[in-house]
Amino acid sequence: MVGQECRKLHHRPSTEEKKRPFTIDSMPKQMNSGALKKAKTLKKTKTGAEEEEVEEKMCTDRLSTLPKDLIHHILSFLDTKFAAQTCLLSKRWRSLWTSLPNLAFYSSNYRKLAFFDKFVSRVLGLCWKSDVRDFHFDRPGSTRAALLKKLVNYAISHKVERLSIDIYFSPKLTSLYLKGFPPNRLCARSLLSLEKVELDIFRPGDIFNKWRSEDEKCVVSALTNVFLELDNAKSVTLGSYAIEILSMFPGLPKHQPSPFSNLKYLKLKLQRSTNSTVPYDVMAFLLNCSPGVDVVREFSD
Amino acid sequence: MASAPENEKNASAPEKKTLTLKSMINNEEFVVDEHVALQSVTIKNMVDSDCAGDVIPVPTISGEILALVIEYCKNHANPSASEDDLKKADAGIVAKDIYTLIDLVLAANFLDIKGLLEVTSQKIADSIKDLPHQDVREIFGVENDYTPEEEAAVRAEHDWAFEGFP
């Protein structure tokens, strides 16, 4: 069962019942209910849970010892709707879910979008007891501006570390301004009317003091994904950090075609100190599918 | 060493460093290559700080569960395993009944093996998702201490979390 390298040192006496491989059936059902009864009578302490277990008959009290963090971790794999429904399990569970570190709202888990919107709105209105690391929001159709605003405010006030918002913009959208971190996924291909795009990307280190190279990799891949979605844009404005990111890849035009096919106007916001000249490769990458682009450089200190 | 020619491991390769893990529940012992066992951050910390003797006692984890944990660690310590192979192997390890999974998630948490914690938690989440509350209570060892009136009140208060669902 364990494999060849793993030898058991202590073989059981041959008189003992032959050891069966561990299967689903090898754990008798009645043991579970016994464990339950035992679990109910056990007193738990928050810290000494492990030591207590050693002293107790170990496998009988396991059900009572699932720590809160572990429950949160398991619930984090579910749509928050399922987590919220655990409030009915017992008094302890009533508010257990309101300190989940991850929130996930997928409208496909709801029969009607109206139920989904109401649920998201109610959850965001609760007094959450912890910071939120991951936040996912996925909803087709047009999302009410008020709900989106609530969502973004929530993400900011709860110091969300990873935000994923998957919504459908109206095909009539003509102007898009993205400030902050580029979204990992942006579905903008259907935005045939999109004319004006401005990308003002922050260096993650500008906001958090920690600055890791893996963050940079995320920004790079997110930024190239965003570009791919914006091929209809006629007017594009790029902030200095976005240009800096592009400059890190000298061979860019060889590996990827230009993202813009209808570009008429390109504005580059540059910082005099760091990037007063834009590398040739970056310009080629931005311009090689659209002849006759009007390029404007704007400098700031 | 020469006195044990029947042990093909010793005969073929230079001796690898091994660790012995002992389940304190049923005293089963497992000899594992050190690099396999070190995927557990808990064990790694013990070894790094010279707290590990010849036999590392593992409290609260039965031999059966420890065997699954070691199987996982061995799969993931194999440098030639492809991502697909590992996925399949992981799926096999977590294809167990819910009570085994709860033991396994506790073991992964105690031994601090992130990957195993993830796959096991995901599997538990998938298994409990569509269960009636009474079953979930049983799985987590939860006693329903609401009176019927209280339960109805909490449900009414959270009606927005139950809308459209039976």
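Preceding block: the structure.
A brief report on the enclosed structure follows.

What counts and how
- Residues numbered from 1 in each chain as written.
- Chains lettered and ligands numbered in written order.
- Predicted model: local features only at pLDDT ≥ 70, side-chain atom pairs only at ≥ 80, totals over all residues.
- Heavy atoms only, no water.
- Helix = DSSP H or I, 4+ residues; strand = E, 2+ residues; numbered from the N terminus.
- Buried < 20%, exposed > 50% of the residue type's maximum accessible area, 1.4 Å probe, protein only.
- Contact = heavy atoms within 4.5 Å.
- Pairing = 2+ DSSP bridges.
- Axes fitted to C-alpha atoms, helices over the stretch in contact; angles between N-to-C directions.
- Core = buried A, V, L, I, M, F, W, Y, C linked by side-chain atoms within 4.5 Å.
- Domains from an automatic or database assignment.
- Salt bridge = Lys/Arg side-chain N within 4 Å of Asp/Glu carboxyl O.
- Expected span 1.5 Å × (residues − 1).
- Right-handed = clockwise from strand over helix to strand, strands pointing away.
- Phe/Tyr/Trp six-rings, centres within 6.5 Å; stacked < 30°, edge-to-face > 60°.
- Left-handed = near helix turned anticlockwise from the far one by under 90°.
- Nonpolar A, V, L, I, M, F, W, Y, C, P; charged D, E, K, R; others polar.

Considerations on the overall build of chain A
Logical step 1: From N to C terminus, chain A includes 12 helices and eight strands.
Logical step 2: Relative to its full complement of 301 residues, chain A shows a buried share of 43%.
Logical step 3: Summarising the internal contacts of chain A: among those between residues at least 6 apart in sequence, 68% fall at separations of at least 24.

Brief notes about the sheet that holds strand β3 (residues 55-58) of chain B
Residues and elements named next belong to chain B.
Logical step 1: Read from one edge of the open sheet, three strands run β2-β1-β3, paired in mixed fashion. Sheet topology places β2 (29-33) and β3 at the edges, where each strand pairs with a single neighbour. When strand polarity is set aside, the average angle formed by the axes of neighbouring strands in this sheet is 30°.

Examining unusual backbone geometry
All names here are of chain B.
Logical step 1: Even without a glycine there, the phi angle at Thr60 is positive, about 65°.
Logical step 2: Along the polypeptide, Thr60 turns up in the loop between β3 and α4 (63-77).
Logical step 3: Although it is not a glycine, Asp112 adopts a positive phi angle of roughly 60°.
Logical step 4: Turning to its location among the elements, Asp112 is positioned in the loop between α6 (98-111) and α7 (114-128).
Logical step 5: Residue class for Asp112 comes out partly exposed when judged on its relative accessible area of 38%.

Details of the nonpolar core
Logical step 1: Counting residues in each nonpolar core, the largest one holds 82 residues, and the members touching the most others are A:Phe105, A:Phe135, A:Phe137 and B:Val69.
Logical step 2: The element that contributes the greatest number of residues to this core is α6(B), accounting for 10 residues.
Logical step 3: Among the domains, domain 1 (16-129) and domain 2 (131-166) of chain B are the pair contributing at least three residues each to this core.
Logical step 4: Leave out the neighbours within four places in its chain, and A:Phe135 touches A:Leu103, A:Phe105, A:Leu124, A:Leu151, A:Tyr154, A:Val160, A:Arg162, A:Leu163 and A:Ser164.
Logical step 5: A:Leu194, A:Val197, A:Ala242 and A:Ile243 belong to the second-largest nonpolar core, a separate cluster that totals 31 residues.

A word on the pattern of salt bridges
Logical step 1: If you walk through the whole model with that rule in mind, you get nine salt bridges over all chains.
Logical step 2: Two residues, B:Glu157 and A:Arg94, come together in a salt bridge whose shortest N-O distance is 2.6 Å. Remark: A:Arg94 occurs in helix α5 (residues 91-94) and B:Glu157 occurs in helix α9 (residues 148-157); the pair is interchain, linking two chains.
Logical step 3: On the basis of relative accessibility, which here comes to 32%, the residue A:Arg94 falls in the partly exposed class.

Details of the sheet that holds strand β3 (residues 162-167) of chain A
Residues and elements named next belong to chain A.
Logical step 1: On the basis of which strands lie adjacent, the open sheet formed by three strands has the order β1-β2-β3 and parallel pairing. What marks the edges here is a single partner per strand, and that holds for β1 (102-106) and β3. Neighbouring strand axes in the sheet, compared pairwise and without regard to direction, differ in orientation by 5° on average.
Logical step 2: Along the sheet face, helix α6 (residues 113-125) touches β1 and β2 (134-139) and points at about 155° away from the line of β2.

A short note on α6(B)
Residues and elements named next belong to chain B.
Logical step 1: Taking 1.5 Å per residue, 14 residues should reach 20 Å; α6 reaches 20 Å between its end C-alpha atoms and fits that length.
Logical step 2: In terms of residue burial, α6 counts as a mostly covered element, since 12 of its 14 residues are buried.
Logical step 3: Just beyond α6, the residue with positive phi is Asp112, at close to 60°.

Here's the deal with the pairing of β2(A)
Residue and element names in this part refer to chain A.
Logical step 1: Relative to β2, β1 is paired through five bridges, and the arrangement is parallel. For Tyr106, the partnering residue across the bridge sits in β2 and is Asp138.
Logical step 2: As for the winding sense of the linkage, the β-α-β connection from β1 through α6 to β2 is right-handed.
Logical step 3: Relative to β3, β2 runs parallel, the two sharing six bridges. Looking across to β3, one finds that His136 is bridged to Ser164.

A closer look at the packing of aromatic side chains
Residues and elements named next belong to chain A.
Logical step 1: Taken as a whole and judged by the stated rule, the model has nine aromatic pairs over all chains.
Logical step 2: When the ring of Phe105 is compared with that of Phe135, the centres are 5.7 Å apart and the planes differ by 55°; the resulting orientation is tilted. Separated by 30 residues along the polypeptide, Phe105 in strand β1 and Phe135 in strand β2 bring together distant segments of the chain. Assigned by exposure class, Phe105 and Phe135 land together as buried.

Focus on the packing of α6(A) against helix α7 (residues 145-157) of chain A
Angle between the axes and distance between the axes: these two values describe a pair of packed helices.
Residues and elements named next belong to chain A.
Logical step 1: One way to put it is that α6 packs onto α7 with a least axis distance of 11 Å and a crossing angle of 35°. The chirality of how α6 crosses α7 is left-handed. Contact residues: Asp117, Val120, Ser121 and Leu124 in α6; Leu147, Lys150, Leu151 and Tyr154 in α7.
Logical step 2: Class assignment of the residues belonging to the contact of α6 with α7 gives a composition of five nonpolar, one polar and two charged.

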